[in-house]
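Tertiary structure, described
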Amino acid sequence: MREGPGMKTKTRNLTTRLLAAALAVAAALTVTSHADAQEILLTGPLAGAPAVRKLRLHRQGRFEITPSATFTLLDEYQRTILLGAKLGYNFTDWLQFGVWGGYGAIHMSTYLTDQIQDQNALRRQRDITDTERRLTALNLGPDFNDQLGSMDWIVSPQLSITPFRGKLALFQSIYIDTDLYIFGGVGIIGLTERADCTECIPANNGTFPMASRTAIAPTFGPALSFYINNWAALNLEWRFLPFSWNTGGFDTAGGGKDGEFPDNKISDADRRFHFQQLLSVGFVINLPTKTKLSE
Amino acid sequence: MKKTGVGLLVATALWLVPIQSWAGSKASVGASASASASADTSSGEADASGDAAATGSGDAAAGEGEGATPGGDKVPGGDVPGGEGLEDICKIDPTACPNLDMDKEAARQFKEPLYAVQQIFALRVRRFELNPWWGISLNDQFVSHPGPGLALNYYISNVLFVGLNGEYYQPFNQDQAFNSQVRRAARVAVPLTEYQWMANLNVGYVFAYGKFAFLSDFIFQYDAYVVGGVGMIFNRPIPVIDPDNRNFEYKGHLSGNAGIGLRVWVNRWFAITTELRDYMFADQLENLEVALPPEDKNPSTWYDQDSYFTHNVQAQVGASIFIPFSFDYRLPK
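In this text the structure is predicted, and so the values were computed from the model without any measurement.

1. Section: the pairing of strand S6 (residues 160–168) of chain B
Residues and elements named next belong to chain B. Burial of the side chains of S6 is restricted to one face: Phe-161, Gly-163, Asn-165 and Glu-167 are buried, whereas none of Leu-160, Val-162, Leu-164, Gly-166 and Tyr-168 on the reverse face is. Bridge count between strand S5 (residues 147–155) and S6: seven bridges; the pairing is antiparallel. Considered in S6, the bridge of Asn-153 is made with Gly-163. Counted between consecutive antiparallel strands, the loop separating S5 from S6 contains four residues. Bridge analysis of S6 against strand S8 (residues 192–214) gives nine bridges, and the strand direction is antiparallel. Counterpart to Tyr-168 in the pairing with S8 is Trp-197.

So this is what it looks like as structure tokens:
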């Protein structure tokens, strides 16, 4: 059969279509490879690289010694300043196990305590049968300050986690490394409170006996560290310590239907729940003194 | 039609040539880039480069073409079907032959461009700040004064602002059980006060800013500021000494305030704020003495003759909304 011009044309059309298809495939592949080339740029030498290089590891593998002064907040009758220290070891840059402890070195009465004592002193000048004096005989001794509950010492094994680390610019000229961390542990608190009693008015109106006890409570809070140099930092800790204790030595509860009325006794029913707050200011010393750098 | 076919082939070839060039330019970025780009070109496999980039080696091209440099180093993509590749380049011009130690290049210090002055995350200048908050009193064990508040500030510069703020206390005052316990046990009444509202005109200065990384991953910006001002606070004593006769009206007192705040930016127009603020004023308390009848019903005998300088220290936690929401940097990055 002789090849006619029409058949030739069909063959040529087929060739053209094949070429066009090849061109389209090539174009599609070209687009893909172009995109891949960009992807390579994004994930090339920085692939798997840490977010920060040469990061100062202020904590990892270092011991911490932090002498501190701790101030109680929102006290009703007596403020306490505890002098102490925190000792800790940083297993990683974000996890520390340590022990904080403080001794209640300074106790200061509040304005309310002074007011109560002023009234108490006036009242005690009256006759012992005077109504005002008789009604407060169970609750107020000769000096109100002598019956106040006090925090004598606190020891707290605790874990600290540092999820936030960064830097702070002061007045656009001073730049310091800063950590924000949270801590939590068990607070063991040495307390002195008015001793339990059932016949609570001492003979000859003497002072009320006091007793020591140890309370255990959870403790937790947020804290900030401001690094001065490679081995030293200023530290602020806001500590919460919720527990019940009798801060004023009063007969507050234990009687009545719901136990919320006085029962003429001093007992553990008179302990009121306090969400105790303490603010610590410390000077952190990290050992060894040299800071490691990350890769 | 012959011409058409040739033309299409030439067009295809011309189109592909720049692609090889682009891939080649990426190769200078690093070893993995070189490997994967070459692999793509040689094999036409789009997904091969992903593995190469991830592993940081030229494995993706394995089996599809690896050449050798004159120095003996394997160069991926060397044997390209059709006889074109790096090996041929090396044969033609040995000086143009790539002779890179890939390990050395990969370990080389990466010099990222750093700008002398980084752009501040969120500019404040010429923007309004709307700051609703909830206030909690920190230093009053007897009556707590929580309440909602609102501040409106305008930033004259990026660090200096002026504004108004106010808080509404009246329905939220809480007389603590501790007060009645003390009255019952010690027969001593503590003068108590409840607040109604306050308003202040303030000036503030942003003295510090910085950024934190959360678990070395999420980075957020923050700034700290000091603020102070003058205003009025309205309050009245809660009658505890002679509640049968005394019924106090709210009265205004001139007040001054000072505080410090911390603002954590969520995005460029929204932030979480915390402020510690001390509102100071001369307060009038209930008179601890009760006048003899009929003077006990005279309001002038209800107040203590002295005034007492009072600190109302509050924590204020809220949100900041900056308006307009967007802004333009004056200079490019």
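2. Looking at the nonpolar core
Counting 11 residues, the largest nonpolar core consists of A:Tyr77, A:Leu112, A:Ile116, A:Leu140, A:Phe144, A:Leu148, A:Phe250, B:Val182, B:Ala185, B:Ala186 and B:Val190. Among the elements of the structure, helix H2 (111–123) of chain A together with helix H6 (177–186) of chain B are those that each provide at least two residues to this core. The biggest single contributor to this core is H6(B), with three residues. The residues contacting A:Ile116, other than those within four sequence positions of it, are A:Phe144, B:Ala186 and B:Val188. In this structure, A:Leu168, B:Val206, B:Tyr209 and B:Tyr225 belong to the second largest nonpolar core, which totals seven residues.

3. Description of unusual backbone geometry
Residue A:Pro288 follows A:Leu287 across a cis peptide bond; omega there is -5°. Position of A:Pro288 relative to the elements: it lies in the loop between strand S11 (272–287) and strand S12 (292–293). Going from B:Pro293 to B:Pro294, the amide bond is cis rather than trans, its omega being 5°. Mapped onto the secondary structure, B:Pro294 falls in the loop between strand S11 (270–286) and strand S12 (303–323). Phi is positive for B:Arg187, close to 50°, though the residue is something other than glycine. We classify B:Arg187 as partly exposed; it has 18 C-beta atoms within 10 Å.

4. Quick look at the confidence of the model for chain B
For chain B, the average pLDDT comes to 76, and 69% of its residues sit at 70 or higher. Low pLDDT (under 50) marks residues 18–83 of chain B, which in the prediction has 152 contacts with non-local residues, meaning those over four places away or in another chain.

5. Some thoughts on the environment of A:Gln277
All names here are of chain A. Along the chain, Gln-277 falls in strand S11. Residues Gln-277 and Pro-242 lie 35 residues apart in sequence; the distance between their C-alpha atoms is 8.2 Å. If near-sequence neighbours (up to four positions away) are discounted, Gln-277 is found in contact with Leu-73, Leu-74 and Phe-240.

6. Focus: the pairing of strand S10 (residues 251–265) of chain B
Residues and elements named next belong to chain B. Where strand S9 (residues 218–238) meets S10, 14 bridges bridge the pair, whose relative direction is antiparallel. Bridge assignment links Tyr-222 to a residue of S10, and that residue is Val-264. Looking at chain direction, S10 and S11 are connected through 11 bridges and run antiparallel. Bridge assignment links Asn-257 to a residue of S11, and that residue is Tyr-279.

7. Quick word on H2(A)
Turn by turn, an α-helix covers 3.6 residues, leaving residues three or four places apart pointing in a common direction. End to end, H2(A) covers 18 Å across 13 residues, agreeing with the expected 18 Å (1.5 Å per residue, within 8%). Turning to H2(A), its buried residues are A:Leu112, A:Ile116 and A:Asn120. Axial view of H2(A): buried residues confined to an arc of 70°, hence all on one face. Counted as exposed and oriented over 90 degrees from the buried face of H2(A): A:Tyr111, A:Asp118 and A:Leu122. On the buried face of H2(A), the contacting elements are H6 of chain B.

8. What about H6(B)?
All of the buried residues along H6(B) are B:Gln181, B:Val182, B:Ala185 and B:Ala186. Along H6(B), the residues classed as buried sweep out an arc of 100° about the axis, all on the same side. The inward-facing, buried residues of H6(B) contact H2 of chain A.

Reading the values: rules and limits
Residues numbered from 1 in each chain as written. Chains lettered and ligands numbered in written order. Predicted model: local features only at pLDDT ≥ 70, side-chain atom pairs only at ≥ 80, totals over all residues. Buried ≥ 20, exposed ≤ 12 C-beta atoms within 10 Å, placed from the backbone. Helix = DSSP H or I, 4+ residues; strand = E, 2+ residues; numbered from the N terminus. Pairing = 2+ DSSP bridges. Core = buried A, V, L, I, M, F, W, Y, C linked by C-beta atoms within 7 Å. Contact = placed C-beta atoms within 7 Å. pLDDT = per-residue confidence, 0-100. Expected span 1.5 Å × (residues − 1). Arc of directions from axis to C-beta.

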